[in-house]
Amino acid sequence: MIEFREVSKVFHTSKQNEVKAVNDVSLSVNEGEIFGVIGLSGAGKSTLLRLVNLLESPTYGEVLVNDKSISTLSPKELRQMRQKIGMIFQNFNLFNSRTVFGNVAYPLKIAKVPKQEIKKRVNELLSFVGLADKADQYPEQLSGGQKQRVGIARALATSPDILICDEATSALDPETTGEILNLLKKVNREFNVTILLITHEMNVIRTICNRVAVMENGEVIEEGSVYDIFTNP
Ligand code: ADP
Ligand code: ADP
């Protein structure tokens, strides 16, 4: 589903200095899997995600999504691929000037979905995330957990194959984290959405991931099933 083939990303910070944010990473994320990448701040996790969601292109190597190398996509294929990848964030990234309904409707408006269909789809999504009664509220009226539920509904609006989670529970308390992780499990199970998440929290990996990669200084230093990486000495 997602494959990194000997991928490196080099940033030039000045004429002489460069940072290898991602260094020769090879990884495969299979369809239907919940795959976690864990590492300290600066390890290269965000850069890895940005290579999948098409915000960065690799300096060396290849990133494939659904067997297609993302560097060779036409503008039209890029637009289609963007709709197949949903994303949620640590700080939710909601539009504060739009209602809950408006936030979830937004990607559908962009995709020029007819108004009646948008209404139906948004109401379905809000029921799925447990916010059917909050459609007319604004983000500032919601708790952190509710905001992330809106983020999840919005990310699912265009029926993506892949959901990318960037420290999605890092701003939440432990109980709310548990609720959001349960919701992500339900997304994975009911819609067969492949989930790629990055986190610095071991608990998140233990709770929902099937497989994990450990990153340090741009490199993947360990990769395997969560059981193998965290249970065996
Ligand atoms: P993480 O998400 O694990 O905290 P990042 O991918 O954000 O790690 O960063 C990895 C390294 O790459 C860090 O040293 C960071 O400073 C550097 N880096 C990331 N993005 C850029 C950029 N746009 N320009 C220069 N350096 C960057
Ligand atoms: P804007 O796009 O101007 O920010 P909203 O995001 O609040 O406005 O709403 C977008 C569209 O969705 C509007 O056409 C509005 O009529 C419709 N809408 C808003 N809330 C609801 C709701 N609870 N149920 C059905 N349709 C709604």
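Residues numbered from 1 in each chain as written. Chains lettered and ligands numbered in written order. Predicted model: local features only at pLDDT ≥ 70, side-chain atom pairs only at ≥ 80, totals over all residues. Heavy atoms only, no water.

A. Representation of the packing of aromatic side chains in the model. A full pass over the atoms with the stated rule returns 2 aromatic pairs. An angle of 40 degrees between the planes, with centres 4.7 Å apart, marks the rings of Phe-128 and Phe-191 as tilted. Here Phe-191 lies in helix α6 (residues 174-191) and Phe-128 lies in helix α4 (residues 115-128), a separation of 63 residues in the sequence. The class of Phe-191 is partly exposed, set by a relative accessible area of 41%. The ring of Phe-95 is capped by Arg-98, whose NZ or CZ atom sits 5.4 Å from the centre of that ring. One Lys or Arg, Arg-206, reaches over the ring of Phe-230 and ends 5.7 Å from the middle of that ring. (Phe/Tyr/Trp six-rings, centres within 6.5 Å; stacked < 30°, edge-to-face > 60°. Helix = DSSP H or I, 4+ residues; strand = E, 2+ residues; numbered from the N terminus. Buried < 20%, exposed > 50% of the residue type's maximum accessible area, 1.4 Å probe, protein only. Lys NZ or Arg CZ within 6 Å of the ring centre and 35° of its normal.)

B. Main features of the pairing of strand β6 (residues 85-89). Counting buried positions along β6 gives 4 out of 5 residues, so the element sits mostly inside the fold. Inspection of the sheet shows β6 paired to strand β7 (residues 162-166) by 5 bridges, in the parallel sense. Note on β7: the bridge partner recorded for Met-87 is Ile-164. (Pairing = 2+ DSSP bridges.)

C. Examining the site of ligand 1 more closely. In the region of ligand 1, the neighbouring residues are Phe-11, Thr-13, Val-19, Ala-21, Leu-40, Ser-41, Gly-42, Ala-43, Gly-44, Lys-45, Ser-46 and Thr-47. A distance of 3.1 Å is found between an oxygen atom of ligand 1 and a backbone nitrogen or oxygen belonging to Ala-43. At a separation of 2.9 Å, an oxygen atom of ligand 1 approaches a polar backbone atom of Gly-44. For ligand 1, whose free accessible area comes to 560 Å², the fraction covered by protein is 62%. Contributions of two or more residues to the shell around ligand 1 are made by β2 (18-29) and α1 (45-52). Top contributing element to the shell around ligand 1 by residue count: α1, with 3 residues. (Near = heavy atom within 4 Å. Polar contact = N/O pair within 3.5 Å; in protein donor to acceptor, adjacent residues only side chain to side chain. Areas by Shrake-Rupley, 256 points an atom, 1.4 Å probe, with all protein chains shown as cover.)

D. Quick look at the side chain of Glu-33. As for its position among the elements, Glu-33 is in the loop between β2 and β3 (34-38). Since its relative accessible area comes to 9%, Glu-33 is described here as buried. Reaching out from Glu-33, the side chain makes a polar contact with the side chain of Arg-211 at a distance of 2.7 Å. If we skip the residues at most four places from it in the chain, Glu-33 touches Ser-28, Asn-188, Thr-194, Ile-195, Asn-210 and Arg-211. (Contact = heavy atoms within 4.5 Å.)

E. Just the pattern of salt bridges, in detail. Scanning the model with the defined rule gives 10 salt bridges in all. With a closest N to O distance of 3.1 Å, Glu-3 and Arg-5 form a salt bridge. In this structure Arg-5 comes out as partly exposed when scored by relative accessible area, which is 38%. For Glu-124, the salt bridge identified is with Lys-120, shortest N-O distance 3.4 Å. On the criterion of helical spacing, the pair formed by Glu-124 and Lys-120 is a turn pair, its members being 4 residues apart in helix α4. Accessibility expressed as a relative area gives 40% for Glu-124, which makes it partly exposed. Look at Lys-120 and you get exposed, because its relative accessible area is 57%. The structure contains a network of salt bridges with shared partners spanning Glu-3, Arg-5 and Glu-62. (Salt bridge = Lys/Arg side-chain N within 4 Å of Asp/Glu carboxyl O.)

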